[in-house]
Amino acid sequence: MWRYTLKRLLQGLVTVWFIATATFFAMHNVPGDPLSGERASTPEIRANLEARYGLDQPLSTQYVIYLENFIKGDFGISYTQRNRQVNDIIREHFPVSATLGILAVMFAALGGVLFGALTALYRNRLPDTIIMFMVILGISVPSFVFAALGQLMLVNINDWLGFSIMPVAGWGTVSHMIMPALVLGMGTMAYLTRLMRSSMLEIINSDYVRTAKAKGLPPERIFAKHQLRNAIMPVITVLGPAIAAITTGGFVVELVFAIPGLGRYFVQAVQQLDYTVIMGTTVFYGAFLVFMVILVDLLYGWIDPRVRLQ
Amino acid sequence: MRSPINSNEGFNRSASRQLALYAIGAVLAFILLMLGLNFAASLTSTSTGGVAGAVDVENNEITAYLRQDPPELSTMGAADSVSGIVLGHVMEGLLRYDEYGQIVAGLAERWEIEGDTATFWIRDNARWSNGEPITAHDFEFAWKNTLAPATASQYAFILYSIKNAAAANNGDVPVDEVGVRALDDKTLEVTLEQPIAYFQKMVAFYTFSPVNEAFFESTNGRFGAEAESLLYSGPFMMTSWVHGASLRIEKNPYYWDQSRVKLDAINFAYVTDDTNTLLNLFKDGRIVQVDLTAEMLEGAMQQRWVLNRFMDGSVFFIDFNHREGRVTANKNLRKALVLAQDNNELVNSVIKLPGYLPAKSIFPVWMQGAERTLHEEYPPPEAPLNIALAKEYLEKAKQELGLAQIPPIVLLADTSPVATISSQYYQETFKKNLGLDIVIDQQIFRQRLAKMETGEFDIVLAGWGPDYNDPLTFGDYYASWNLNNRGHYRNERLDELVRIGQNSLDTEERMAAFGEIQQILFDESVLIGNYERGYVYATDPRVKGIIRRVIGAETDYTNAYIDVEAQ
Amino acid sequence: MSEPLVKLTPDDFKPLGLGEQRRGINRPSRSYWQDAWGRLKNNRRAIFSLWIIIGLLAFALLGPLLWNVDPARQDIDQISQAPGADRSATVVAPYEYWGGQVTEAAPAQQGIFNLGDAPNSQVVRLVWDAIPGAYGYRIYRNIFPLEDDRVFGLPLIDVMSPSAGFYEDRLNLRPNTYYYTLVALDEFGALAEQYETLAVEVERVITVDEVRARNLVPPEQELAIGDTVNLALHPLGTDYLGRDMLARLMSGARVSLFIGIVAPFLFVLLGVIYGSTAGFLGGKVDQFMMRFADFVVALPFLLFMILFQVVFGLGPGQSGIIPMMVALLVLSWPATARLVRGQILQIRQEAYISASRLLGARNTYLVLRHMIPNTMGVILVTLTFAVPSAIFTEAFLSFIGMGVAPPTASWGSMSNEGLATMLTHPHELIFPAIFISLTVLAFNLLGDGLRDALDARMRSLE
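Residues numbered from 1 in each chain as written. Chains lettered and ligands numbered in written order. Predicted model: local features only at pLDDT ≥ 70, side-chain atom pairs only at ≥ 80, totals over all residues. Heavy atoms only, no water.

## Section: the overall build of chain A
Right, on to step 1. Looking only at helices and strands, one finds twelve helices and zero strands in chain A.
Right, on to step 2. Taking 2.2 N^0.38 as the reference for a compact globule, 310 residues should give roughly 19 Å; the C-alpha atoms of chain A span a radius of gyration of 24 Å, well beyond that estimate.
Right, on to step 3. Along the three orthogonal principal directions, the C-alpha set of chain A runs to about 85 × 60 × 30 Å.
Right, on to step 4. Expressed as a percentage of its 310 residues, the buried residues of chain A come to 57%.
Right, on to step 5. Within chain A, residue pairs in contact and separated by at least 24 positions form 73% of the contacts whose partners lie at least 6 positions apart. (Helix = DSSP H or I, 4+ residues; strand = E, 2+ residues; numbered from the N terminus. Rg over C-alpha atoms; globule rule 2.2 N^0.38 Å. Buried < 20%, exposed > 50% of the residue type's maximum accessible area, 1.4 Å probe, protein only. Contact = heavy atoms within 4.5 Å.)

Following this line, the structure appears as structure tokens:
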């Protein structure tokens, strides 16, 4: 077990190095100039700026410096916010994205399990039809349309009520988070509902459920202990990757709801060619993903002994 | 196939009851968790975001938004309009613009500009937000430090009229030789390269603000990075800055002119440039003011909002690449392009926002001349749409260039919404009217600038905004030495005229020079005016006194107050 | 030792020839594919989706033959026109500069604020007499009648001159009733008390030149001022530049479906080649190849999609389709590769492979005849499910402004542009969004059907 863990962590480190290298060389092949401003600068000011960001060094030296700093956990200073450390940016904005992402996954998991179980119980009847229609919407409508409509809906609800039940955008309190998290979790919720439904249906028809019924166990007990618990397993398996994907995929929601998350920061950095922020964010997210996957794998081995480690 | 269980209604009912029980439990647990989170957030967060309304009568506060997180709040490095808005509230220099756009005394109680020497006497009650007096040394330090090559300030050029400033910025002379000196704590003497007519207008720009040296040193290179790492000289001071989320400014108790400030605090609680989001925030009563797009006007009229229009002073135009080997270096081709378009159509039918005006020359319509506006004194020559004539010029151009067909013309544009629309509009217009193929090269803003610098374009959708309230801020754009003249237009006569504009102290002569510059640019078809940018905005009727201005903070809440009576 | 029952000769150990019929089968054989097709045919939803997909492809490829309109053509007179709007217009003389003289066509003058000419959608000409005490005037326009609350509507212009004046309104005039208000300004440019309102009925007009240029009437037909013509027909309305929505949706369909179908096809192909090579060769090579695939899998997908879009950069006139495809290709192949490798490894252990080997089958034969066909089901399902995510990725990139470059249309870019006009002209968002949803849904349902049909073990119970 320890050997395996160690091996996985080592592999993870190599992967992060690969991501860092790929990002570095990708960034340095970007056409354009992160130092250009609307007011053209003289060659002297430019030279000063280049020296400040180490752009005057040959590429190989820059790469070595980059890796050295990277090992020290220092991603440098931002190009657009010239007195802010990339580390500070990540530290301030990632928790926002993570909070939103976790909340969204919780919504998705809760909704997915509940709705999935409900549709399985009421198969081919009204609740099933309604929920499956919502699922179809959740799967096929692009997230930015959802986000825009969700916000519009809030405005109209607030307007109709005459007071604000929930803020339409911004960040700061829990009430700010609910709508964005719902929108963000929508696609995953639809997916989990489908998954839950088919795994429930499989179990409803299984031998052990029939046996339990034949034994005369109370229905609540059969439902809770045999059906629900076993049907949830496949849902749990996809939850880990879902958390990672949602946490890094909140761009749209963060943009529409004016949330100061790292995703929005990344999009802005790309639009302003902020090299250091782009590199820092990408490497950070890459590392986050890699170690999340490792963590989830290890946890599975611990939770479910059937999932054999290699 | 129907499973046997489906027929088992009793089982289903019990199961759903169980499910409902779980659901209620889960929802309750969830709510509990949310409450916990909320509590945790209230403990750690310094955010002012909250769910406050746009107007807080009780605390005498208003809530507004910023288009982006201010990139740089050190006055020595700031170079963008959002930072400009914040700095306009929290910083004041020697002079400032009043609500009518006139220069008035700021921290300097009086000043004197005689020949190449300017002297400013700083108020006795001018203080930093920590209570310490603002001295002439603070100005000397700020200006010299801006010019220091190591600072690499993008706006250092605005100080170049001071003696040795350009040389110091280029590293040719030590910064100490720059012509700014604190005679004593309250007197600042500035030596200029030569007498100039508009120096006082420039001094109101935020780059001329003071910086306290001791405080600057104490921030260890993080000057201006956080709310605490700045000292404020203006009517407000920043008390909290959650990057990307919110920014709060409160009344500065040490500001010398307390009577000017009526609000106790302003929350910039939202940071976004998504127009739909901002509209929704305004509709929901969260922000006091919002800019509208053309598509929102109908809804705004329906809501019976109070609308105003405002022009931010920038001029947008098509700039040509005059480098050798480019077809656009040919004057007849440029003439053909000028005559084959009608910017009235662009503004009235495509952009369709009443704040916008068709641009008639590089000088905007609001620019003051000697007595009246420059446009009234020197009306810009116009060339109305004339497709037949345009085609003649095109033929001439083809002959001169020795081409049977003009190769596709590269139109460089950035990704802003208006640039996206305009570029497609011009592509189709030139195709329709002249049969010319235009290929659009859309790049993000910085990349557009980089490509302009290296000359990888034929025509480009460019724009220029004023730094100070004098025609020179536009007039020197096409000077051969101006680095912003990225199309490399060269004209000796124009250079001479720009020098007159820079050096002459005679207003009439200067304005005549600008008039002639305008004529040369027209005769040589150096640019195609597109539009002067404008805004239509809706304001909360309870808030009065918000100023939108061309120079300085684009949106200025300094004089704003809450009108309790208004509904 | 007794005599063996069968006497073996060296001949018996020679491989049997292929193609030799050894044993007759009486009933017609049903191949795997026939079987699968039979099952798919019984799945109503999947077949329906298949028809939708065929319909979408026809819309993209054959549509332009039926609706031959240039998607780039801008009809400036009909910007953001909703489907089914009235199209009739009166022919008028072209716009000419106007010096503020009241013409004969103008309605009778009353009060201070008046029309200077007959109003139409080309221009509304307003004149006014001086209001005593005014330093200047501001003109407002509204589409709703005024109430007493001094909310005048849309400010058009400030005229800082106290004398009588005139103004030409050419701003986005539509056939409608407008309420113009002239408000006096005080010396600071603030609103004074006096104002006067004027209701103006605007009719849609078009000039002779425009009619001719757009071929709205047959070239031989005479045209006189005052005639009525019909503007060009746009069945699904127009967008923010007056371009035909239907034509743009068709050209957008070509872009979106091209990216959505060709990119997955390519990366699945690459994944199959890579995965089967690794799986078949096994050992060190397999280890190495899969380690590399792991690296690529670890790259955060959306971040790198965006990053690649920037790195490739678009030159003048490039649509951005190819870079997006390349980025998708580079980032998406490992998933298929892993899947195929797993399948191949599994199949390698199967008895029929050993049997085949014993019968003298060569490697290429094994891969082509047994391994690939047996993984085909999985590959096909992967491919079908890859289409929706590719289409979503395209839409997402368009949303953050990293998608195809204008004037190229894609459903994603059209929806993104439609978001801006969502409230006033919802058709600009609804149509492209419906196409995206329909495509995504159809491919999802088809994928479900295929999975059920192709792989009995994976069959879901839906």
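Additional details are given in the paragraphs that follow.
## Topic: the overall build of chain C
Right, on to step 1. Looking only at helices and strands, chain C features twelve helices and ten strands.
Right, on to step 2. Seen through its principal axes, chain C has C-alpha atoms that stretch 135 × 50 × 45 Å.
Right, on to step 3. Within chain C, the fraction of its 462 residues that count as buried is 50%.
Right, on to step 4. Pairs at least 24 residues apart make up 71% of the contacts formed inside chain C by residues separated by at least 6 positions.
Right, on to step 5. Surface exposure of chain C reaches about 22800 Å², of which carbon and sulfur atoms provide 60%.
Right, on to step 6. Averaged over its 35 positive side-chain charges, chain C has a centre that lies 24 Å from the centre of its 42 negative ones. (Areas by Shrake-Rupley, 256 points an atom, 1.4 Å probe, with all protein chains shown as cover. Lys, Arg positive; Asp, Glu negative; His and termini not counted. Charge placed at Lys NZ, Arg CZ, Asp CG, Glu CD.)

## A word on the packing of aromatic side chains
Right, on to step 1. Enumeration according to the criterion identifies 54 aromatic pairs over all chains in this entry.
Right, on to step 2. Between the aromatic rings of Tyr425 of chain B and Tyr426 of chain B, the centroid separation amounts to 5.3 Å while the plane-to-plane angle is 65 degrees, which identifies the pairing as edge-to-face. Like Tyr425 of chain B, the residue Tyr426 of chain B is buried in the burial classification.
Right, on to step 3. On the basis of an interplanar angle of 90 degrees and a centroid distance of 5.9 Å, the ring pair of Tyr478 of chain B and Tyr489 of chain B is categorised as edge-to-face. Placement of the pair is Tyr478 of chain B in the loop between helix 15 (472-475) and helix 16 (492-503) and Tyr489 of chain B in the loop between helix 15 and helix 16, with a sequence separation of eleven residues.
Right, on to step 4. Note on Tyr489 of chain B: relative accessible area 4%, which makes it buried.
Right, on to step 5. Here the guanidinium or amino end of Arg141 of chain C rests over the ring plane of Tyr178 of chain C, the centre of that ring lying 4.5 Å away. (Phe/Tyr/Trp six-rings, centres within 6.5 Å; stacked < 30°, edge-to-face > 60°. Lys NZ or Arg CZ within 6 Å of the ring centre and 35° of its normal.)

## A look at the interface of chain B and chain C
Right, on to step 1. Facing the 42 residues of chain B at the interface are 44 residues of chain C.
Right, on to step 2. Taken together, the two surfaces of chain B and chain C that pack against each other cover about 3700 Å², and 58% of this comes from carbon and sulfur.
Right, on to step 3. Taken as a group, Glu295, Met301 and Arg304 of chain B account for 20% of the area that chain B buries against chain C, more than any other trio of residues on that side.
Right, on to step 4. Taken together, the connections running from chain B to chain C amount to two salt bridges.
Right, on to step 5. In this assembly, chain B and chain C are joined by eleven residue pairs in polar contact (both at pLDDT 80 or more).
Right, on to step 6. The residue makeup of the side of chain B that touches chain C, split by class, is 20 nonpolar, eleven polar and eleven charged. (Buried area = accessible area lost by both parts, 1.4 Å probe. Salt bridge = Lys/Arg side-chain N within 4 Å of Asp/Glu carboxyl O. Polar contact = N/O pair within 3.5 Å; in protein donor to acceptor, adjacent residues only side chain to side chain. Nonpolar A, V, L, I, M, F, W, Y, C, P; charged D, E, K, R; others polar.)

## Description of the sheet that holds strand 10 (residues 246-251) of chain B
All names here are of chain B.
Right, on to step 1. One open sheet holds the five strands; their spatial order is 1-2-11-10-9, and the pairing between them is mixed. In this open sheet, the two edge strands, each paired with only one partner strand, are strand 1 (55-56) and strand 9 (236-242).
Right, on to step 2. Of the strand pairs in this sheet, strand 9 and strand 10 are connected by six bridges, and their pairing is antiparallel. Counted as the bridge partner of Met238 is Ile249 from strand 10. (Pairing = 2+ DSSP bridges.)

## Structural notes on unusual backbone geometry
Right, on to step 1. Pro406 of chain C connects to Pro407 of chain C through a cis peptide bond whose omega is 10 degrees.
Right, on to step 2. Position of Pro407 of chain C among the secondary structure elements: in the loop between helix 10 (363-399) and helix 11 (411-420).
Right, on to step 3. Phi at Asn124 of chain A is positive, roughly 60 degrees, even though this residue is not glycine.
Right, on to step 4. In this structure, Arg304 of chain B is a non-glycine residue whose phi angle is positive, near 60 degrees.
Right, on to step 5. Relative to the assigned elements, Arg304 of chain B resides in the loop between helix 8 (297-302) and strand 13 (306-320).

## Observations concerning the packing of helix 6 (residues 283-298) of chain C against helix 8 (residues 321-348) of chain C
Residues and elements named next belong to chain C.
Right, on to step 1. Relative to each other, helix 6 and helix 8 sit at 140 degrees, their axes nearing to 8 Å. It follows from the interaxial angle that helix 6 and helix 8 lie oblique. Crossing of helix 6 against helix 8: the hand is left-handed. Taking contact as the criterion, the partners of Asp286, Met290, Phe292, Ala293, Asp294, Val296 and Val297 in helix 6 are, on helix 8, Val330, Leu331, Trp333, Pro334, Ala337, Arg338 and Arg341.
Right, on to step 2. For the contact of helix 6 with helix 8, the class distribution of residues is ten nonpolar, no polar and four charged. (Axes fitted to C-alpha atoms, helices over the stretch in contact; angles between N-to-C directions. Parallel < 35°, antiparallel > 145°, perpendicular 65-115°, else oblique. Left-handed = near helix turned anticlockwise from the far one by under 90°.)

## Quick notes on the interface of chain B and chain A
Right, on to step 1. Taken together, the contact pairs 79 residues of chain B with 74 residues of chain A.
Right, on to step 2. Interface area for chain B against chain A, summed over the two sides, is near 6400 Å², with a carbon-plus-sulfur share of 57%.
Right, on to step 3. Scanning the region where chain B abuts chain A turns up three salt bridges.
Right, on to step 4. When the shortest N-O distance is used, the salt bridge between Arg222 of chain B and Asp88 of chain A registers 3.2 Å.

## Some points on the nonpolar core
Right, on to step 1. In terms of nonpolar packing, the biggest core is built from 361 residues, with Trp143 and Leu292 of chain B together with Tyr180 of chain C touching the most fellow members.
Right, on to step 2. Among the nonpolar cores identified, the runner-up in size contains 26 residues, and Leu121, Tyr122, Leu201 and Leu228 of chain A belong to it. (Core = buried A, V, L, I, M, F, W, Y, C linked by side-chain atoms within 4.5 Å.)

## Quick look at the sheet that holds strand 7 (residues 180-184) of chain B
Strand pairing in a sheet takes place through backbone hydrogen bonds and is either antiparallel or parallel in direction.
All names here are of chain B.
Right, on to step 1. Spatially, the four strands line up as an open sheet ordered 5-6-8-7, and their pairing is antiparallel. For this open sheet the edge positions go to strand 5 (108-114) and strand 7, each flanked by a neighbour on one side alone. Strand-to-strand twist in this sheet, taken as the mean axis angle between neighbours without regard to direction, amounts to 20 degrees.
Right, on to step 2. Two elements, strand 7 and strand 8 (residues 187-191), share four bridges in a ladder whose sense is antiparallel. When the sheet's bridge partners are listed, Val180 is paired in strand 8 with Val190.
Right, on to step 3. Packing of helix 3 (residues 136-147) onto the sheet brings it into contact with strand 6 (117-122), strand 7 and strand 8, and relative to strand 7 it is tilted by some 170 degrees.

## Observations regarding the pattern of salt bridges
Residue and element names in this part refer to chain A.
Right, on to step 1. The full count for this structure, using the stated rule, is 51 salt bridges over all chains.
Right, on to step 2. Among the salt bridges present, the one from Arg46 reaches Glu50, with a minimum N-O distance of 3.0 Å. Taken together, the residues span about one helical turn, with Arg46 and Glu50 both in helix 2 (residues 43-53) at a distance of four residues.
Right, on to step 3. The class of Glu50 is partly exposed, set by a relative accessible area of 24%.

## Some thoughts on helix 10 (residues 343-351) of chain B
Residue and element names in this part refer to chain B.
Right, on to step 1. Within helix 10, the full set of buried residues consists of Asn343, Leu346, Val347, Asn348, Val350 and Ile351.
Right, on to step 2. Looking at the buried side of helix 10, the elements it contacts are strand 14 (357-358), helix 13 (417-434) and strand 18 (527-539).
Right, on to step 3. The residue sitting at the N-terminus of helix 10 and contributing the capping side-chain oxygen is Asp342; that oxygen lies 3.0 Å from the backbone nitrogen of Asn344.
Right, on to step 4. Once helix 10 ends, the next one or two residues include Lys352, with phi positive near 45 degrees.

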